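# Architecture and fold: a report
As a plain string of letters, each chain reads:
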Amino acid sequence: MMFRRKLLTVFALTVFVSVAAVAGLVLAVTRPAFESMEDQRTAALVSQFQRAFKEQGAEIARRVENIANSEAAIRMTTALNANPGDTAGYFELAQSFAESHQLDFLEFVNDRGVIISSAQWPAKFGYPDNAFETLSAASGQDAFLKNEDLQDASALGLFAVRAVGIGDHPIYVIGGRRLDKTFLSTPDLPAGMRVLLYQNQAEHFSPELLLDAGAGKTSDSTRPAEKFESLIDAVRQYRQEMAAVVRWSPDQADDEIFHAIPLMGAGKNPALLAILLIGNSRRPYVELKRSIRNSALLVGGAGIVLAILLSSWAAARVTRPVEQLAAAARDVAAGNWNTVVDVPGNDEIAELANSFNRMTTELLTQKERLVQAERVAAWRELARRLAHELKNPLFPLQLTVENLLRARMQSPEQFEEVFRESSRTLLAEISNLKTIIGRFSDFSKMPHPQLQAVEVNEILRGVAQLFQAQFHADGREAITCNLELEENLAPIAADAELLHRAISNLVLNAMDAMPNGGTLTLRSRGHDGKTIMEISDTGSGLTPEECDRIFTPYYTSKQHGTGLGLAIVQSVVSDHGGTINVRSQPGKGTTFIIELRSGREALANSAAMTSENA
Amino acid sequence: MTRYVWRWLAVSSIWLMAAASAETRPHYGGVLRVMTHTVLASLDPHDDSGLDSFHQCSVMMLMYDTLVTTDASGRIQPSLASSWQSQNGNRRWQFRLRHGIKFDDDTPLTAEGAAASLRFGNSDWSVSADGDSVVIEVKDGDPELPAELALPRNAIAKRNGDGRPYGTGPFRAMEWNPGKKLTFAANDNYWAGRPFLDGVEIEMGKSFRDQLTALDLGQADLVEIAPEQLHRASLEKHHVVSSRLVELVALLFAREATSVEEKNLRAALSLSIDRGSIRSVLLQGEGQATASILPNWLSGYGFAFPADFDLARARAELEQARSAMHAIPSRTIQYDASDPLARVLAERVTLNAKDAGFSLQPTVSASADLRIVRIPLVSADPWIDLTYTALLMGSPLPRTSGSVEEMYAAEQTLLQTQQLIPLLQLPVSYGSSGNLNGLEIRLDGTVSLASAWLEGRKP
Amino acid sequence: MDGAVYNSAIPGTIKSVVGKAAVSHARSTVLVLLAFLLVPLFADAADWSAQEQELSKKIVKVTGTDGAVALTFENRSSLGRRDSEIVENGLRSTLANLGLRFTTGDAAAVATTVKITLSENLTSYVWVAEIRTSAGEDSVVIESAPRPESAVHESVPVSLRSTVLWTQPEPILDVAVLEESAASTRLAVLGAETVSIYRLQNGKSQLEQAMRIEHNRPWPLDLRGRLMVRPDRSLDVYLPGVFCAESPSMPSAPSCHDSDDPWPLLPSLLSAGSSPRAFFAATRNYFTGVLTPALGKLASVPGFYSAAFFSREQHVVWIFVGTDGRVYWIDEHNINKQNFDGQNQETKNLDWGSDLTSVKTSCGAGWQVLATSASAESGDSIRAYEFPDDEAVAVSAAMDFPGPVTALWTEAGGETAIAVVRDQQTGSYDALRLALACGQ
């Protein structure tokens, strides 16, 4: 599992890092591209505006020219040449011309600079036009910017002047259009761009002087006009084109880059009349940036999910054989030698699996071979034992029979004597043979335990009781038997008879190990859900090699043992699901330790086993 | 052959001439279409909220009659009253009513009815009926009482409680779409004879320009012509009739001049205004520059108030004011936004005042220091006009009458308050279609359609 | 003065003015009399003495009798010249009786000035005395007198009479009567190419002389010309771009030469030799508007067709009919009072045609302007006007003609005018003498 996680992490990291790298790269490449595009857009707009300005100027000049060439203007000029004072009749002329020619400003001014008729300020007839010097000089030239004084304010306009040059006293036609919202909105602005006009009419910056072509209000709470103050002040100071980013809100997308272009008036010392502010919203750029980032995040996220999916699939593909191998190894470790790992393909893992399979197969073969060898060895041992066991009584038999044969030559009494003696011996040895054969037969016919709830201490006391007499039997040194029993042990599931026989065998063994007397100790205790019985003697003890082989059937360290006693004990203990161990030091005695499962579980199991076996 | 053609031509040209001037007798029938700039607020003559407009007075006099009327010479003539006499030093006036006059609702005009009508708006009179006479008693002798009774606001109207006043005039209101249209039909039983016209349709709230256009297009027979358009209208060969100078355009200060420096200031303002230019340019030579309240034709002494344009004197006056006031505060001058002349006038006065060094600020807001007012002549009686103007100025004259010299003194007193600076006297002008005849403009500038008739329309 | 002013009976003062002068108009006529209206005579003399006394007392109350006063009069009312003179004289004598001394000329500049204006309103004559004392104080005193019942403006105080002097099928530019007696009349008729002198005797005409007019340029379409009779009875002929003078040495051969000499606007008799002349456009039918000598500071007016003038007590008023159809009103009194940008030329919107001229008579205010009408009808008409209170008031009925008036000039005597009418029915040209008869 760790392997798969690591694999996933590596995959995801790789995807994320590569997506992030790509996004960063894209951003890095986009920014200058976008900025140059924005610059181009602004430059295009500026030039579009200048073109529009020029066109407007030409249009105004054309209209003013038309007015100057109109019959009414010529008639007026003629009449005023004849009688310069009689201007009353033309009072409304400028207004009607301004209306018909769609001009915001129109004035007829005589060659002394006196206004004959004014559309924008009708009441001003008869008053001198303050800017007449400049205006008359501009006659016939291109349109120019001028601040026009009105009744209660002044307004910025694009003006043209034409003279009606009839007679000695020309009449100047001064017409113009107001630079207002309509004027500003004349060129079609691309989306995201806007144009503002700051009328430079006050000494200090004033938000009221800012005109926005688009919005009704130039200054709302979200876009206070004061934000322009520094830019406008800078342009006012240096009188050159400048640009600045205006931040409206913490959101970068609201930012606008403003190019401020000073608009100068006509004349020798042109005044700064207004500042044209061309704003380019940074929203597209910021949004593009954001969308790149978002796509990067999305792609990264999706990549990671995909990576997880893919890598888990891939990892699964990669790790499944490994896991199978691991499981198989565990199975093998658990003893299931038949485990086969099925990994298709022909990659390294498959090869590993095949090797594993070969290994297990090999192990199995080896094991079978070992078993066969052991079986052969066991058979040999058995045969040797059998031969040995049978040879022992056979040899006296042979001697007795040979004695008989020889005794037949002797006297019948002697013979009789010998015969009787020999018959006894023969019978004894045959009985001995029978016993040997009975033992082998018993071992082979070892019954399956019939489990019941058994009190271990009862069995131990029973055995001690049974052998009490023998411990103190004549002809041998007395053996002290100690019972160290833990009370209140839970009953275990066991076959009381078999257990009794096994412990009796052990007690017998212990007695055999203490020909010179000693102490036999029977212990019982509970430990970790198990019931432990110990049978200790203080006999000669066993060497480690003896300890290793002691449970092998037909092995005996005794002169007259069949070697089956401990084998039967192990068989009984094993049949009870328990274990038997030996602990011994030569000269210091030997302790057999039997561990049996105790408690209800053991009982249930034993019941199941019993029923199963039944 | 040639001879025959010539003869035929001669005959036909004579015939054409005859056709052009054949209709010398009035023609009955036709509906006169009138357009006006002002909007009538009420059809009640006693509702004096708008009776200072010529148009409204004209309309009232279509529907209602007064006891007496003023003729073209300014003399009082009988109308609903056939005769009258005064007693007790002009304190008791008795007007004998004509017989057989009926209101629009077919009820006869009685002395009680007339007296009841006259009691409206004349709380200081004691009006009673005495047989077939109406008796009016005033506390102080009032020789101008008949002239007062000739005012449209003293027209005799009858109220039936249905909220609608009934009159005895030559026309009856048939349909009234307030603010838009008013339709009259001839009163067949008019005591002075049924009018020639079958009806009159008045469309209100039309701009002067629209009116002229409508006249050109034949959509109207009678329109108002603003004084400033009079010149053009006559150049364009419209049929134009003008009254005498019946309207005073003046600057009216909100408050009386109390201090000497304020008087200096106002004198400076008056002297700085170039009325001549205003008249010749703004009004294209129409009307008259004036410094008097009453037009000369009415007072006989109007020229004695010189309308001087003297910048040097204006500056001197202003200098005096400045020495007392340290700084001359700027004043606001209000004009009626719906009156194009007033606007230009305000701007011109502002420019003129600036030349003298006095700062004015034109505005349309009502709370201004001074405003441009148009004061119409309400009566052919100069005393009544003077009283009316004094009332407008808020410095009422005692109701009086007397010699011309006393009138001069009264007018001079009014002008010396320097609350009013007269600028121009204007006529009221009407343009009519070529087939309208018999149009009469009364001395007070109102139009009488009682004897008007339309040519060439089928009755 | 008591009670209702408007009810008083007023003597018909206007009418009395007419009678005395009426006879002088009865000049001998040779040809067909087209119209003649008998003038009933009224001789009710008005008694102004009470008002004169009152006004004088009021004046003296202001001026005192210590110093001399400069007294001026102006009549703005409908009072006729004679009546106004009666009032003026009455006031002078009453003031003198009250001890006032009068001064004139330069002394007037420093003395107390009294300007008496005879004005009127609807019901009264209003006499206004504007007094400026030597200390510079202004005061106004007023006296009024009831006006007659009948409105003056509605009546026709003078009547227009015309006599045909000459008729011919060719266009007549002007006619001048050279000699006139009960027996015979000698007449100069200016045609397009000739000046013909006729003698009319016993109802017969006889061509005495026909003088050809030499000119190098073709005449303008609407040709106009003027005959001026010198005191020595020789003729000056003014035509567009051409001037002919009848040489006393060779009376039968006028010497014509190309000339843009200005034409006299009115006979010198009328304006006592100070009549300005005006330049006539050589190829057009109008005066260029340039005047010589200038009217005060006014050296030129807009181009005009015709001019008239009349004199008031203090000053002269000129009236021009501009080529733009407007009537220009130039009050000499105001010329020097320069308003803004010289806008001292007022224009009047009058229903007048292109031709007008003025005559000096003993009727009405003493001066009348004869003007053609602007009506577009086939016929034309001429009417006499006066200008009380600067307003044009028709004082005669319109005299209708069977065709357009092609010329209208004041005669050398100044009291009558010559009108040339093209009869649309006959196509011939009639030269008429127009005279005013005072009274109805």
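Residue numbering note: each chain is counted from 1, following its sequence as written. Chains carry letters from A onward and ligands carry numbers from 1 onward, assigned in written order. Only residues with pLDDT of 70 or above have their local features reported here, since the model is predicted, and side-chain atom pairs are shown and tallied only from 80 upward, although totals for entire chains, interfaces and linings are computed over all residues. Side-chain calculation: all heavy atoms of the structure are included, whereas hydrogens and water are not.

A word on the overall build of chain A. Under the DSSP-based scheme used, a helix requires at least four consecutive residues in state H or I and a strand at least two consecutive residues in state E, with every element numbered from the N terminus. Helix and strand content of chain A: 14 helices and 17 strands. Of all intrachain contacts in chain A linking residues separated by at least 6 positions in sequence, the fraction that spans at least 24 positions is 62%. Contacts are assigned to residue pairs with any non-hydrogen atoms lying within 4.5 Å of each other.

When the sulfur atoms of two cysteines share a covalent bond, that bond is a disulfide. Residue and element names in this part refer to chain C. When two cysteine sulfur atoms lie within 2.5 Å, the pair is treated as a disulfide. Taken as a whole and assessed by the stated rule, the structure comprises one disulfide over all chains. The residue that forms a disulfide with Cys244 is Cys256, at a sulfur-sulfur distance of 2.0 Å. The sign of the S-S torsion, about 110°, decides the handedness of the disulfide formed by Cys244 and Cys256: right-handed. In this pair, Cys244 sits in strand S14 (residues 242–245) while Cys256 sits in strand S15 (residues 255–258), placing the two residues twelve residues apart along the sequence.

Let us look at helix H8 (residues 275–282) of chain B. All names here are of chain B. With seven of its eight residues buried, H8 lies for the most part within the structure. Listed in full, the buried residues belonging to H8 are Arg275, Ser277, Ile278, Arg279, Ser280, Val281 and Leu282. Two residues or fewer past H8, Gln284 is found with a positive phi of approximately 50°. Exposure categories follow from relative accessible area, calculated using a 1.4 Å probe and restricted to protein chains: below 20% of the type maximum is buried, above 50% is exposed, and the middle band is partly exposed.

Attention shifts here to the pattern of salt bridges. Residues and elements named next belong to chain A. By salt bridge we mean one thing: a side-chain nitrogen of Lys or Arg within 4 Å of a carboxyl oxygen of Asp or Glu. In total, this model carries 52 salt bridges over all chains according to the counting rule given. Between Arg162 and Glu65 there is a salt bridge; the shortest N-O distance is 3.0 Å. Residue Arg162 is found in strand S4 (residues 154–164), and its partner Glu65 is found in helix H1 (residues 2–69); the two are separated by 97 residues along the sequence. Residue classification places Arg162 among the buried residues on the basis of a relative accessible area of 10%. Classification of Glu65 as partly exposed rests on a relative accessible area of 34%.

Turning next to unusual backbone geometry. Excluding glycine, a negative phi dihedral is what most residues carry, and trans is how most peptide bonds are arranged. One non-glycine residue, A:Arg239, lies in positive phi territory at about 55°. Summarising the element assignment, A:Arg239 is placed in the loop between helix H6 (229–238) and strand S8 (242–246).

What follows deals with the side chain of A:Thr591. Residues and elements named next belong to chain A. Mapped onto the elements, Thr591 comes out in strand S17 (residues 589–597). For Thr591, a relative accessible area of 12% translates into the label buried. For Thr591, the contacting residues outside a window of four places in its chain are Glu534, Ile535, Ser536, Asn581, Val582 and Arg583.

On to the packing of helix H10 (residues 456–471) of chain A against helix H11 (residues 496–513) of chain A, then. Between two packed helices, the angle of one axis relative to the other and the distance separating the axes together describe the packing. All names here are of chain A. Every axis in this analysis is a line fitted to C-alpha atoms, fitted for helices over the stretch in contact. Angles between the N-to-C directions lie between 0 and 180 degrees. Running from N to C, H10 and H11 cross one another at 40°; their axes reach a closest spacing of 10 Å. Taken together, the axes of H10 and H11 are oblique relative to one another. Between H10 and H11 the crossing geometry is right-handed. Here H10 contributes Ile459, Leu460, Gly462, Val463, Leu466, Phe467, Gln470 and Phe471 to the contact with H11, which in turn contributes Ala496, Leu499, His500, Ile503, Ser504, Val507, Leu508 and Met511. Residues are sorted three ways: Asp, Glu, Lys and Arg are charged, Ala, Val, Leu, Ile, Met, Phe, Trp, Tyr, Cys and Pro are nonpolar, and all the rest, Gly among them, are polar. Looking at the contact of H10 with H11 residue by residue, the class counts come to twelve nonpolar, four polar and no charged. Under this scheme an angle from 65 to 115 degrees is roughly perpendicular, one under 35 degrees roughly parallel, and one over 145 degrees roughly antiparallel; angles in between are oblique. For a crossing to be left-handed, the near helix must be turned anticlockwise from the far one by less than a right angle; the clockwise case is right-handed.

Keep in mind these values describe shape, not function.
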